[in-house]
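# Chain and residue survey
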Amino acid sequence: QVQLVESGGGLVQAGGSLRLSCAASGRTFSSYAMGWFRQAPGKEREFVAAISWSGGSTYYADSVKGRFTISRDNAKNTVYLQMNSLKPEDTAVYYCAAAFLMVAGENEYDYWGQGTQVTVSS
C-alpha cells in the first residue's frame, strides 16, 4: 500500500511558477514509477508527467514540455512537479499517482492522491 498526499497548489498569475509536492507513505516508494495528472473543470483527467523509480527517466505531455519538470527524492519519499511559465489553461486539480511502470495511461496507476488545486489567473 502506498498513500499519497499532494501539496503546493494555489493561485498564481500567468507566467508565474509553483512547485507541487507529493509525499508518499510506505517503505516501497522507491519501487514505483510516479506520475502527475490533472483535471480541469468539465474535462477528462489527463497525463502531465512521469518519472521512473530511479529518477533516471522522465516523460512529459507535449502541452507542458519545456515548462514543467518532474523530479523525485527517494530518501524523502517525495515526488515534485516544478511548474514554470504557467498559463491559464494549466488551471486544474493536480494529482500524483504511483505505478509499477513509467507510463502515461492512468489505468496503469494503482495509487492516487486526493489532488491539489492550481489556479492560474490571466
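Look up: the structure comes first, before these words.
Numbering of residues begins from 1 in every chain and follows the order in which that chain's sequence is written. The predicted nature of this model means local features are confined to residues of pLDDT at least 70 and side-chain atom pairs, given and counted, to a pLDDT of 80 or more, with totals for whole chains, interfaces and linings taken over all residues. Just so you know, side-chain values use all the structure's heavy atoms and leave hydrogens and water out.

## Digging into the sheet that holds strand β3 (residues 18-24)
To keep it simple, the criterion reads: A pair of strands is treated as paired once DSSP finds two or more bridges between them. Numbering of helices and strands starts at the N terminus; helices are DSSP runs of H or I of at least 4 residues and strands are runs of E of at least 2. For helices, the axis comes from a line fit to the C-alpha atoms of the stretch in contact; other axes are also lines fit to C-alpha atoms, and the angle between any two N-to-C directions lies between 0 and 180 degrees.
The strand order across the open sheet formed by four strands is β1-β3-β8-β7, and the pairing between neighbours is antiparallel. Of all the strands in the sheet, just β1 (4-7) and β7 (68-73) have a single pairing partner and so form its edges. If you compare each strand with its neighbour and ignore which way they point, the axes differ by 15° on average. In this sheet, strand β8 (residues 78-83) lies alongside β3 in antiparallel orientation, the contact comprising six bridges. Residue pairing across strands places A23 opposite T78, the latter belonging to β8.

## With respect to the environment of L4
We apply this condition: For every residue, the accessible area (1.4 Å probe, protein chains only) is compared with the maximum for its type, and the residue is labelled buried under 20%, exposed over 50%, or partly exposed between those bounds. Contacts are assigned to residue pairs with any non-hydrogen atoms lying within 4.5 Å of each other.
By the secondary structure assignment, L4 is in strand β1. For L4, a relative accessible area of 6% gives the class buried. The spatial distance from the C-alpha of L4 to the C-alpha of S71 is 15 Å, given a sequence separation of 67 residues. Excluding its chain neighbours within four sequence positions, the residues that come into contact with L4 are C22, A23, A24, M34, C96, A97, A98, Y111, W112, G113 and Q114.

## Quick notes on unusual backbone geometry
At N77, a residue that is not glycine, the phi angle is positive and equals roughly 55°. Position of N77 relative to the elements: it lies in the loop between β7 and β8. Positive phi, normally seen in glycine, also occurs at S85, with a value near 50°. For S85, the position within the fold is in the loop between β8 and β9 (92-99). Classification of S85 by relative accessible area gives partly exposed; the value is 40%.

## Points about the state of the cysteines
Test applied: Here, two cysteine sulfur atoms that lie within 2.5 Å of each other are counted as a disulfide.
Counting across every chain of the model gives one disulfide. Residue C22 pairs covalently with C96 via a disulfide, S to S 1.9 Å. Taking the sign of the S-S torsion, 50° for the link of C22 and C96, the bridge is right-handed. Placement of the pair is C22 in strand β3 and C96 in strand β9, with a sequence separation of 74 residues. With a relative accessible area of 0%, C22 lands in the buried category.

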